[in-house]
Amino acid sequence: MRIVKVLTATMASVAALGGVPAAHASVPAKKQPPPSFSATIKEGRKAVRAELKRTKSTSASIALVSNGKTVWSQTFGRVNTAGKKPSSTTRYGIGSVSKMVTAMAVMQLVDAGKISLDAPVVRYVPDFSMLSPQYKQITVRMLLNHSAGLPGIDLSNSLSPQWIPGYAEVAMAGLRNSRLKTTPGAMNVYCNDCFTLAGVLVERVSGVPFQDYVTKNILKPLGMSHSTYPTSVPAQGTVAPAIVDGKVQPWLNYNLFASGALLSTPRDMARMARVFTGDGVVDGKRILSSSAIQQMSVDQTTTTLRVGTPGEFRYGLGWDTVQDPALKAAGVLGWTKGGDAAPYRTTFAIAPDQGLAVVVQVVGVESTFQGARSLGQTVLLNALVETGAVKKMPKQVSGMPLKQKATPRDIKQISGTFLASAAPQLKVTEAKGRSLKLARLTGGKWVRDPGRYELRKDGAFWSTVTLGTSIRSVRAWGRTYLVQRSIDGTGTYSADLAIGQRTRPGGPLSPAWQDRVGQMWLLANEDPNSRLWLLAGLQFAAIPGLSGYLMAQGAPVNSVPFDATTSDNAGTMFLQIPFFLGRDLFDFNFSMQGGEELLSVSSSVLRPAATVPGLA
């Protein structure tokens, strides 16, 4: 759409200057009829139904926007055990696509001159503090591009059967007890707490609760009448549930509003998409300035650690990527944000120069963020072909480089134990014929993956069983990373991702830490309505062959490795992995109170299960 406008204006200017003969300049261009998108809709329906079948998902809803109009909207699946279909007003959790709304709120305040992107956060939120003094260097921009260096996410009171007010205040308290994991601005690592803090920023500057600001300044002006934050349990039938084994799963409230809690419909989200296809204006109302749209779409990762070709992460302000790899493979600019708040998966994708956008929402316990993203890419690519912006669908990735004989040095460079957060812990060792084998830490043991990895001419080791997948080691910032390249999304591109940081054995565990291994720790300060009470307690486990490091597993963390050699009373985060698998790290601090050893993790306090009295 922008290209057409620029070309039209340029030709008019040339004609006025006499560069085009008057007779030709006065001939009106033949107006092309708008596409019907019938082929796109056909392929989209086919793809959605296949995804629902593949993942046994309950329902899905989709909307396609072209030049300011919703040209296709449809629902699939069921919302109850009787087989009733979702309606166009059935809401879904949009998960982290909520971050786009938060980024829009911040940018509105930037437009109003009330916030400067490169001013320190403490200017606007003076009670924000951390144990690392460099927290004062964190700017507003760093919150929106995931480079602030915050540990990750405070899960305390984040999930519940009904709304628990005050989540942001709890997260702020957790930050006061936490260190930075990287220098502010140095490395982009996905971070929910960055956007929770951005929500606090909106509250402090606007003077109203975050959800009230968004409702008044974004949702209502856009006519997003079915979009709300869950401040009460939704009425039965208004939100699409997951159905498992014939049973409707109970409602789960996400309380982290600014980073992942908005409920919406594809039709409503299609109206929000028009902000980005319409240069900030929808139905004559300016929601964001042209400058704000442009700033949000600038690649914010140019100074971070690069370990390979762009994958799904090339952060803008709010966006997961401002160079969607599937669209880039077709020669088209794309901006994408994904949401993953189980059981909901959402994709919000824009092709700004063509005025196209797609929203996909899926609910199902086995559905995946990657599946929803692929659906969005598939629909946009087909729409681009149908509009003539792309001649044909990009080819599927195929083939691999020729084999190459590995040397002992090749094997040594990539061998070792590679750790990551919220991901499998990996061990790379030599196999027969100077190939490699990959093992994953499962149940306290290293379990070998099927197949081997063989060196090829591009210098990477390629899987003998998984098509298009290879691994290689990359040395950067004084660390060695294991980088995996795999076919992604629509299958028309490959993406690199750092999946682990090499970690060598450290010193022996102290007696204090040895006593803690295998113990169970239980939450002691969670809200009574929190869902985390129902999860298993926290345990520490050894990593075979890697002395000095332990794994923390269970509530309120996911699966986090840490250094247990710092002191008897502190286990420290140490990973620095860009983009995704260095997210959600924690320090583990112990103190004695009333003769009992308590464990602090961000804002959560835990006590040994052995000291908890049993119930009659």
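About the cut-offs
- Residue numbers here run from 1 along each chain, matching the order of that chain's written sequence.
- A pLDDT threshold of at least 70 governs which residues receive local features in this predicted model, and a stricter bar of 80 or more applies before side-chain atom pairs are shown or counted, although totals over entire chains, interfaces and linings include all residues.
- Hydrogen atoms and water are omitted, and side-chain values are computed over all heavy atoms in the structure.
- Secondary structure counts use DSSP, requiring at least four H or I residues in a row for a helix and at least two E residues in a row for a strand, with both numbered from the N terminus.
- Computation of the radius of gyration draws on C-alpha atoms alone. For the globule rule, the value is 2.2 Å times the number of residues to the power 0.38.
- Residue burial is assigned from relative accessible area. The probe radius is 1.4 Å, only protein chains are included, and a residue is buried under 20% of its type maximum, exposed over 50%, and partly exposed in between.
- Every axis in this analysis is a line fitted to C-alpha atoms, fitted for helices over the stretch in contact. Angles between the N-to-C directions lie between 0 and 180 degrees.
- For classification purposes, an angle smaller than 35 degrees is called roughly parallel, one larger than 145 roughly antiparallel, one from 65 to 115 roughly perpendicular, and anything else oblique.
- Helix crossings fall into two classes, left-handed where the near helix is turned counterclockwise from the far one by less than a right angle and right-handed where it is turned clockwise.
- In this analysis, two residues are considered to be in contact whenever any of their non-hydrogen atoms come within 4.5 Å of each other.
- Classification convention: Asp, Glu, Lys, Arg as charged; Ala, Val, Leu, Ile, Met, Phe, Trp, Tyr, Cys, Pro as nonpolar; all other residues, Gly among them, as polar.
- In this scheme Phe, Tyr and Trp rings, the latter by its six-membered ring, pair at centre separations within 6.5 Å, and the angle between planes marks the pair as stacked below 30 degrees, edge-to-face above 60, and tilted otherwise.
- Working rule: Lys NZ or Arg CZ, within 6 Å of ring centre, within 35 degrees of ring normal, means a charge sits over the ring.
- In this scheme, strands are said to pair when DSSP sees at least two bridges between them.
- We call a pair of cysteine sulfur atoms a disulfide when they lie within 2.5 Å.
- The criterion is simple. A nonpolar core is a set of buried Ala, Val, Leu, Ile, Met, Phe, Trp, Tyr and Cys residues joined through side-chain atoms within 4.5 Å.
- A residue counts as positive if it is Lys or Arg and as negative if it is Asp or Glu; His and the chain ends are not included.
- Take a side-chain nitrogen of Lys or Arg and a carboxyl oxygen of Asp or Glu: if they are within 4 Å of each other, that pair is a salt bridge.
- Definition of a polar contact: a pair of N or O atoms within 3.5 Å, with one able to donate and the other able to accept a hydrogen when the atoms are protein atoms, and with sequence-neighbouring residues admitted only if both atoms are side-chain atoms.

(A) Up close: the overall build of the chain. Helices and strands together make up the secondary structure of the chain, namely 15 helices and 30 strands. Computed over the C-alpha atoms, the radius of gyration of the chain is 26 Å, within 12% of the 25 Å expected from 2.2 N^0.38 for a compact globule of 616 residues. Structurally, the chain occupies a C-alpha span of about 90 × 65 × 55 Å along its principal axes. Classification of the 616 residues of the chain by burial places 54% in the buried group.

(B) Up close: the packing of helix α4 (residues 98-111) against helix α7 (residues 192-206). At a minimum axis separation of 10 Å, α4 and α7 run at an interaxial angle of 40°. On the basis of the axis angle, α4 is oblique to α7. Judged by the sense of rotation from one axis to the other, the crossing of α4 with α7 is left-handed. Across from Lys99, Thr102, Ala103, Ala105, Val106 and Leu109 in α4, the residues of α7 making contact are Asn192, Phe195, Ala198, Gly199, Leu201, Val202 and Val205. Of the residues belonging to the contact of α4 with α7, the class tally is nine nonpolar, three polar and one charged.

(C) Quick look at the packing of aromatic side chains. Throughout the structure, instances matching the rule amount to 23 aromatic pairs. When the centroid spacing of 5.5 Å and the interplanar angle of 50° are considered together, the rings of tryptophan 513 and phenylalanine 562 count as tilted. Of this pair, tryptophan 513 sits in helix α15 (residues 511-516) while phenylalanine 562 is found in strand β26 (residues 559-567), placing the two residues 49 residues apart along the sequence. For the residue pair tryptophan 513 and phenylalanine 562, the accessibility class agrees, reading buried in each case. Measuring from centroid to centroid gives 5.7 Å for phenylalanine 540 and phenylalanine 588, while their planes differ by 90°, and the two rings are edge-to-face. On the criterion of sequence distance, the pair formed by phenylalanine 540 in strand β24 (residues 538-542) and phenylalanine 588 in strand β28 (residues 588-593) is long-range, its members being 48 residues apart. Neither residue differs from the other here; phenylalanine 540 and phenylalanine 588 are each classed as buried. Among the aromatic side chains, those forming a connected cluster through ring pairs are Trp513, Trp521, Phe540, Phe562, Phe588 and Phe590. Its guanidinium or amino end placed over the ring of phenylalanine 590, arginine 516 lies 3.8 Å from that ring's centre, counting from NZ or CZ.

(D) Just the pairing of strand β22 (residues 493-502), in detail. For β22, the buried fraction is high: eight of the 10 residues fall into the buried class. With two bridges joining them, strand β14 (residues 416-419) and β22 adopt antiparallel strand pairing. Across the sheet, residue leucine 419 finds its bridge partner in β22, namely glutamine 501. Adjacent in sequence and paired antiparallel, strand β21 (residues 479-488) and β22 are bridged by four residues, among which glycine 489 carries a positive phi angle near 55°.

(E) A look at the state of the cysteines. Scanning the model with the defined rule gives zero disulfides in all. Here cysteine 191 stays unpaired: no disulfide links it, and the sulfur of cysteine 194, its closest cysteine neighbor, is 3.5 Å away. Cysteine 191 sits in the buried class, given a relative accessible area of 1%. In this structure cysteine 194 comes out as buried when scored by relative accessible area, which is 0%.

(F) Representation of the nonpolar core. Counting 80 residues, the largest nonpolar core has Phe128, Ile138, Leu150, Phe276, Met296 and Phe348 as the members making the most contacts within it. It is α4 that contributes the most residues to this core, nine residues altogether. Formed by 56 residues, the second largest nonpolar core is a distinct cluster that contains Leu482, Ile499, Leu532 and Met551.

(G) Highlighting the environment of aspartate 410. Note that aspartate 410 resides in helix α14 (residues 408-414). Once residues within four sequence positions are removed from consideration, aspartate 410 is found in contact with Lys405, Leu455 and Phe461.

(H) Summary view of the sheet that holds β28. Pairing is antiparallel around the closed barrel formed by eight strands, whose spatial order is β23-β24-β25-β26-β27-β28-β29-β30. Between one strand axis and the next, the sheet turns through 35° on average, direction left out of account. Bridging between strand β23 (residues 520-523) and strand β30 (residues 604-608) involves three bridges; their strand directions are antiparallel. Pairing of tryptophan 521 across the sheet is with proline 608, part of β30.

(I) How the structure looks around the side chain of aspartate 193. On the secondary structure map, aspartate 193 appears in helix α7. The side chain of aspartate 193 is buried and forms no salt bridge, while lysine 99, the nearest opposite charge, is found at 9.0 Å. From its side chain, aspartate 193 meets the backbone nitrogen of aspartate 154 in a polar contact 3.2 Å long. Every residue in contact with aspartate 193, bar those within four places of it in the chain, is listed here: Leu150, Gly152, Ile153, Asp154, Tyr167, Ala171 and Leu175.

(J) The pairing of strand β12 (residues 344-351), seen in detail. With eight of eight residues buried, β12 lies mostly within the body of the structure. Going residue by residue along β12, you find Tyr344, Thr346, Phe348 and Ile350 tucked away on one face and Arg345, Thr347, Ala349 and Ala351 tucked away on the opposite face as well. As judged from the seven bridges shared by strand β11 (residues 335-341) and β12, these two strands associate in the antiparallel manner. Counterpart to aspartate 340 in the pairing with β12 is arginine 345. Judged from the eight bridges that link them, β12 and strand β13 (residues 356-363) form a sheet pairing that is antiparallel. Note on β13: the bridge partner recorded for threonine 346 is glutamine 361. Following β12, the chain reverses through four residues before pairing antiparallel with β13; glycine 355 in that reversal takes a positive phi of roughly 65°.

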